[in-house]
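Coordinates in review
Listed below, chain by chain, are the residues.
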Amino acid sequence: MADDRLLFEESMMLLDLLQRHELRLGTAESCTGGLISAYLTEAPGSSGAFEVGYVTYSNEAKQRLLGVSPDLLERHGAVSEPVARAMAEGALACGAIDIAVSVTGVAGPAGGSEEKPVGTVHFGVAGLNRRTRHRRESFGDLGRRGIRMESVRTAFAMVRDFVENPD
């Protein structure tokens, strides 16, 4: 499981990568509740690459702030590939950013189902003139904090890959 110091170091490396490529990042977070943004802004000089973070915990916030379709939420649920993609694309459309990463999942201890058990997390990464990427993780029941920390680690890895391996 990712620890606090490791995530801080990863955030600094990610910010450095973004700055070298002159890219601005935004986040659209649900189950992490702003934790991705918190790690990014913990690093000195983060304003050189981090622009905006949306914490859209409720479906209403996802709709209002990111433009996620109510129909999409109804058909697929908040914890789904289409919603993760729509969250990233919505954040990209709302801010003066080049890349947006999204996360939506079941951090537990309650809220899971047979189809989407605790530890199920969907991620999206969108970029200007780029195909939106998706990733689904099944972390298992690592505990609420463990799932959230692993989600931050995964989001950082996805952004890093998005920058280093363009379509």
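What you are looking at is a predicted structure, and each value in this text was computed from that prediction instead of being measured. (Residues numbered from 1 in each chain as written. Predicted model: local features only at pLDDT ≥ 70, side-chain atom pairs only at ≥ 80, totals over all residues. Heavy atoms only, no water.)

1. Quick look at the pattern of salt bridges
What counts, and what does not: When a carboxyl oxygen of Asp or Glu lies within 4 Å of a side-chain nitrogen of Lys or Arg, that pair is called a salt bridge. Elements are defined by DSSP. Helices are runs of H or I of four residues or more, strands are runs of E of two residues or more, and each kind is numbered from the N terminus. Summary of the burial criterion: residues with accessible area below 20% of their type's maximum are buried, those above 50% are exposed, and those between are partly exposed, where the area comes from a 1.4 Å probe applied to protein chains only.
In total, this model carries nine salt bridges according to the counting rule given. With a closest N to O distance of 2.8 Å, R75 and D71 form a salt bridge. You can see R75 and its partner D71 sitting in helix α4 (residues 70-76), four residues apart, about one turn around the helix. The exposure class of R75 is exposed, given its relative accessible area of 55%. Between E81 and R85 there is a salt bridge; the shortest N-O distance is 2.9 Å. Linking E81 with R85, this pair stays in helix α5 (residues 81-94), spanning four residues, or about one helical turn.

2. Focus on the sheet that holds strand β4 (residues 120-127)
Our working definition: In this scheme, strands are said to pair when DSSP sees at least two bridges between them. Axes here mean lines fitted to C-alpha atoms, for a helix over just the part in contact, with angles spanning 0 to 180 degrees between N-to-C directions. Working rule for contacts: check all heavy atoms of both residues, and any pair within 4.5 Å makes them a contact.
Pairing is mixed in the open sheet, where five strands are placed in the order β2-β1-β3-β4-β5. Two strands bound the open sheet, and with one partner strand each, they are β2 (50-55) and β5 (133-138). Geometrically, the sheet is characterised by an average inter-axis angle of 15° between neighbouring strands, direction not taken into account. Across the sheet, helix α6 (residues 144-164) is in contact with β1 (25-29), β3 (99-105), β4 and β5; its angle to β4 comes to roughly 25°.

3. Let's talk about the nonpolar core
Condition: Nine residue types can take part in a nonpolar core, namely buried Ala, Val, Leu, Ile, Met, Phe, Trp, Tyr and Cys, and a core is a set of them joined through side-chain atoms within 4.5 Å.
Among the nonpolar cores identified, the biggest contains 36 residues, and L18, L40 and I99 are the most heavily contacted of them. Taken together, the elements giving at least two residues each to this core come down to α1 (4-20), α2 (35-42), β3, β4 and α6. Of all the elements, α6 adds the most residues to this core, at nine residues. When residues no more than four places from it in sequence are discounted, the contact partners of L40 are S11, L14, L15, L25, T27, S46, F50 and F156.

4. Quick notes on the environment of T132
Under the convention used in this document: In the analysis that follows, any N or O atom pair within 3.5 Å is treated as a polar contact, provided that within protein one partner can donate a hydrogen and the other can accept it, and provided that, for residues neighboring in sequence, both atoms belong to side chains.
In this structure, T132 sits in the loop between β4 and β5. A relative accessible area of 8% means that T132 is categorised as buried. Residues T132 and V159, 27 residues apart in the sequence, show an inter-C-alpha distance of 11 Å. Setting aside residues up to four positions removed in sequence, T132 forms contacts with R85, E89, V125 and A126. A polar atom in the side chain of T132 sits 2.7 Å from the side chain of E89.

5. A few points about the environment of T56
Among the structural elements, T56 can be located in the loop between β2 and α3 (59-66). T56 sits in the buried class, given a relative accessible area of 0%. With 34 residues separating them along the chain, T56 and E22 place their C-alpha atoms 27 Å apart. Those residues within four positions of T56 in sequence are excluded, and the remaining contacts are E29, S30, A61, K62, L65, L66 and M87.

6. A few points about the pairing of β2
Worth spelling out the cut-off: By convention, a crossover is right-handed whenever its connection, traced from the first strand over the helix to the second and viewed with the strands pointing away, goes clockwise.
Here β1 pairs with β2 via five bridges, running parallel. Residue pairing across strands places L25 opposite F50, the latter belonging to β2. In this view, the connection linking β1 to its parallel neighbour β2 by way of α2 has right-handed handedness.

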